[in-house]
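Structural overview for review
Each chain is listed here by its residues.
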Amino acid sequence: LIVGPYKVVLGSNLQAHIWEPDCPSVTSGCPEVVYRDCTAGCLYDIRADPSEGIDLSGMVPEVKARLLARLRSLRRGSRVA
């Protein structure tokens, strides 16, 4: 879910930051590959951090809580502003 500059992600978040000829596949164990456990949610500022490298969950927990509540509401089929 993206609201303004923020994006909340749930589940596993696979990030491949740099592609190199010696590392053509994100599953090949290259050091640039990062797996994040976002089962409790990860929060990113996609304007300031478009590669989603910094999880802001601990810095702005109120934003994460608001976005997770909105996501749960959308999944139930209701609207929350």
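Let me begin by describing the structure that accompanies this report. (Residues numbered from 1 in each chain as written. Predicted model: local features only at pLDDT ≥ 70, side-chain atom pairs only at ≥ 80, totals over all residues. Heavy atoms only, no water.)

1. Thoughts on the overall build of the chain
- Along the backbone of the chain there are one helix and three strands.
- Going residue by residue from the N terminus, the α and β elements of the chain occur as β-β-β-α.
- Counting the 81 residues in the chain, one finds 32% classified as buried.
- The contacts in the chain between residues at least 6 apart in sequence include a share of 54% that link residues at least 24 apart.
- In the form shown here, the chain has an accessible surface area of approximately 5300 Å², with 57% of it arising from carbon and sulfur atoms. (Helix = DSSP H or I, 4+ residues; strand = E, 2+ residues; numbered from the N terminus. Buried < 20%, exposed > 50% of the residue type's maximum accessible area, 1.4 Å probe, protein only. Contact = heavy atoms within 4.5 Å. Areas by Shrake-Rupley, 256 points an atom, 1.4 Å probe, with all protein chains shown as cover.)

2. Considerations on the state of the cysteines
- Counted according to the given criterion, the structure contains one disulfide.
- Between the sulfur atoms of C38 and its disulfide mate C42 the distance is 2.1 Å. Note on the C38 and C42 pair: the S-S dihedral is about -95°, so by sign convention the disulfide is left-handed. C42 matches C38 in its accessibility class, with the two residues each being buried. (Disulfide = S-S within 2.5 Å.)

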